[in-house]
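Next come the chains, spelled out residue by residue.
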Amino acid sequence: FLGVQGMLDPPRPEAIDAVAACQRAGVRVKMITGDHALTAATIAGMIGIDGAAPRKEVSDSSPPRVLTGAEMAAIADEDLPAHAETTAVFARMTPEQKLRLVKGLQSRGHIVAMTGDGVNDAPALRQADIGVAMGIAGTEVAKDAADMVLADDNFATIEAAVEEGRNVFSNLTKFIVWTLPTNGGEAFVILAAIMLGWPLPILPIHALYINMITAILLGMPLIFEAREPGVMARPPRDPNRPLLTFELFMRTGLVSLLLCTGAMSLFHWELNRGMSEATARTAAVSVIIVGEIFYLF
């Protein structure tokens, strides 16, 4: 007997922070590996998967529960989704079992993102809603089966992508919710004037100017707005939830009505003062533009 050699391939420090950020954001992180169950549980404990606090040692707390491939083989298909949802670490998994896990989570309505690098990951990568292959260590088969390729093979990049995606969606929603009432206000003005038989407060050229120049330039800051604080502390958005909720729909109608009322009122106020229709239309267009600026802020 000459001695014992110990080897450790520790997780990246940024991966620990990324896992914690994902869990705060409501993104449940699970580990599926072909390694030994004890190895998988140890690394999962160091990273903080399964709600465990990130730690360098695992002797001070019990490791996360691990489901092995042999145990999964004895689980019926109808019972697998419950085990897939409550378990965070899966060890000694075969390609077919990885595919079963993805299908089991999807059957419960989850949006599943699967990462992998080998040929044995390809079926699960293709089945997942978002397959993410490793760009450095990944095989060509895994890359072809995936929807995205991770250029740096770093889990922290996935967390950063989720954060950026939430910010893009938030800014896009703001732009849409800002644009609809401004267009709705113009439409209400024209429709109301036609239905009541009044002179048009704004002409087609005015509407074109507002939409092509003012609305675009005013809406651009919303698209490039900086990331809001706490964007990763929000729960995941229900994929079945419509973009325009009842609250936003009501706000759209209210703002449209306010713009229409303001433009119509000032237009007729100017006419009653003896001003020409051109002057009154200038006032109406100005009301809409100022209203858009006010609503933007």
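Each remark here, short or long, concerns the structure printed above.
Being a predicted model, the structure only gives us computed values, none of them experimental.

Peer 1: Would you take a moment to explain the packing of aromatic side chains for this structure?
Peer 2: Each aromatic ring pair is summarised here by two numbers: the centre-to-centre distance and the angle between the ring planes. Using the criterion set out here, one finds zero aromatic pairs in the structure. Positioned above the aromatic ring of Trp-269, the side-chain terminus of Arg-273 is 4.9 Å from the ring centre.

Peer 1: I'm lost on the sheet that holds strand β4 (residues 113-116) in this one. Help?
Peer 2: An order of β4-β5-β6 is seen for the three strands of this open sheet, with the pairing classed as parallel. This sheet does not close on itself; its edge strands, each paired only once, are β4 and β6 (148-150). Ignoring strand direction, the axes of neighbouring strands in this sheet form an average angle of 25°. Where β4 meets strand β5 (residues 130-134), four bridges bridge the pair, whose relative direction is parallel. For Ala-113, the partnering residue across the bridge sits in β5 and is Ile-130.

Peer 1: I tried to follow the pattern of salt bridges on my own but got confused; where do I start?
Peer 2: If the charged atoms of two oppositely charged side chains come close together, the side chains can form a pair. Scanning the model with the defined rule gives 12 salt bridges in all. The salt bridge involving Arg-227 is made with Glu-164; its shortest N-O contact spans 2.6 Å. One end of the pair, Arg-227, is in the loop between α9 (204-223) and α10 (246-272); the other, Glu-164, is in helix α8 (residues 155-196), with 63 residues separating them in the sequence. Among the residues examined, Arg-227 registers a relative accessible area of 40% and is labelled partly exposed. Salt-bridge contacts for Arg-234 lead to Glu-228; the nearest nitrogen and oxygen are separated by 2.2 Å. For Arg-234, a relative accessible area of 33% gives the class partly exposed. Linked by salt bridges that have partners in common, Lys-174, Glu-225, Glu-228 and Arg-234 make up one network.

Peer 1: Sorry, what's going on with the side chain of Gln-106 here?
Peer 2: If you trace the backbone, Gln-106 turns up in helix α5 (residues 95-106). Of the polar contacts made by the side chain of Gln-106, one reaches the side chain of Asp-129; its length is 3.2 Å. Among residues more than four places away in sequence, those in contact with Gln-106 are Val-112, Gln-127, Ala-128 and Asp-129.

Peer 1: Quick question: what am I supposed to make of the nonpolar core here?
Peer 2: The tendency in soluble globular proteins is for nonpolar side chains to be buried side by side. Residues Met-72, Phe-90, Leu-101, Val-102 and Met-114 are the most contacted members of the largest nonpolar core, which totals 20 residues. When residues of this core are traced back to their parent elements, those giving at least two are α4 (80-86), α5, α6 (122-127) and α7 (140-145). With near-sequence residues (within four places) excluded, Val-102 lies in contact with Val-112, Met-114, Ala-124, Gln-127 and Ala-128. Ala-40, Ile-49, Val-66 and Ala-88 belong to the second largest nonpolar core, which has 14 residues in total.

Peer 1: Any chance you could explain the sheet that holds strand β3 (residues 89-91) here in plain terms?
Peer 2: Paired through backbone hydrogen bonds, the strands of a sheet run either parallel or antiparallel to each other. The three strands lie next to each other as β1-β3-β2, forming an open sheet whose pairing is parallel. If you trace the sheet from one side to the other, it starts and ends with β1 (31-32) and β2 (66-68), each paired once. Bridging between β1 and β3 involves two bridges; their strand directions are parallel. Looking at β3, one finds that Met-31 is bridged to Val-89. Strands in contact with helix α2 (residues 37-47) are β1, β2 and β3; relative to β3, the strand with the most contacts, it is inclined by about 155°.

Peer 1: Would you mind going over the packing of α8 against α9 with me for this structure?
Peer 2: Contact pair α8 / α9: the axes reach a minimum separation of 10 Å and the direction vectors enclose 160°. Classified by the angle between their axes, α8 and α9 sit roughly antiparallel to one another. Handedness of the α8/α9 crossing: right-handed. Packed against α8, whose contacting residues are Asn-171, Lys-174, Phe-175, Trp-178, Asn-183 and Glu-186, the element α9 presents Ala-207, Ile-210, Asn-211, Ala-215, Leu-218, Gly-219, Leu-222 and Ile-223 at the interface.

Peer 1: When you look at helix α1 (residues 13-24) in this model, what are you seeing that I'm missing?
Peer 2: An α-helix turns once per 3.6 residues; consequently, residues spaced three or four apart project the same way. Helix length check: α1 (12 residues) gives 17 Å between terminal C-alpha atoms against 16 Å at 1.5 Å per residue, within 8%. As for α1, its buried residues are in contact with α2 and α8. Of the residues trailing α1, Gly-26 is marked for its positive phi of about 85°.

Peer 1: Explain unusual backbone geometry here, please?
Peer 2: What is expected of a backbone is that most residues other than glycine have negative phi and most peptide bonds are trans. Even without being glycine, Arg-92 reaches a positive phi, approximately 55°. For Arg-92, the position within the fold is in the loop between β3 and α5. If you check the backbone angles, Asp-153 has positive phi at about 55° while not being a glycine.

Peer 1: I tried to follow α5 on my own but got confused; where do I start?
Peer 2: The end-to-end C-alpha separation of α5 is 17 Å, in line with the 16 Å expected for 12 residues at 1.5 Å each. Every buried residue belonging to α5 is among Gln-97, Lys-98, Arg-100, Leu-101, Val-102, Gly-104, Leu-105 and Gln-106, and all of these are buried. Elements that come into contact with the buried residues of α5 comprise β1, α3 (69-73), α4, β3, β4 and α6.

Peer 1: Would you mind showing me how to read the packing of α9 against helix α11 (residues 277-296) here?
Peer 2: When two helices pack together, their arrangement is given by the angle between the helix axes and by the axis-to-axis distance. Following both chains from N to C, one finds α9 and α11 inclined at 15°, their axes separated by 11 Å at the closest point. In this view, α9 runs roughly parallel relative to α11, as classed from their interaxial angle. Every pair of crossing elements has a handedness; the one defined by α9 and α11 is right-handed. Contacts between α9 and α11 involve His-206, Tyr-209, Ile-210, Thr-214, Ala-215, Leu-218 and Leu-222 from the first element and Arg-281, Val-285, Ile-288, Ile-289, Glu-292, Ile-293 and Leu-296 from the second.

Cut-offs applied
Residues numbered from 1 in each chain as written. Predicted model: local features only at pLDDT ≥ 70, side-chain atom pairs only at ≥ 80, totals over all residues. Heavy atoms only, no water. Phe/Tyr/Trp six-rings, centres within 6.5 Å; stacked < 30°, edge-to-face > 60°. Lys NZ or Arg CZ within 6 Å of the ring centre and 35° of its normal. Pairing = 2+ DSSP bridges. Helix = DSSP H or I, 4+ residues; strand = E, 2+ residues; numbered from the N terminus. Axes fitted to C-alpha atoms, helices over the stretch in contact; angles between N-to-C directions. Salt bridge = Lys/Arg side-chain N within 4 Å of Asp/Glu carboxyl O. Buried < 20%, exposed > 50% of the residue type's maximum accessible area, 1.4 Å probe, protein only. Polar contact = N/O pair within 3.5 Å; in protein donor to acceptor, adjacent residues only side chain to side chain. Contact = heavy atoms within 4.5 Å. Core = buried A, V, L, I, M, F, W, Y, C linked by side-chain atoms within 4.5 Å. Parallel < 35°, antiparallel > 145°, perpendicular 65-115°, else oblique. Left-handed = near helix turned anticlockwise from the far one by under 90°. Expected span 1.5 Å × (residues − 1).

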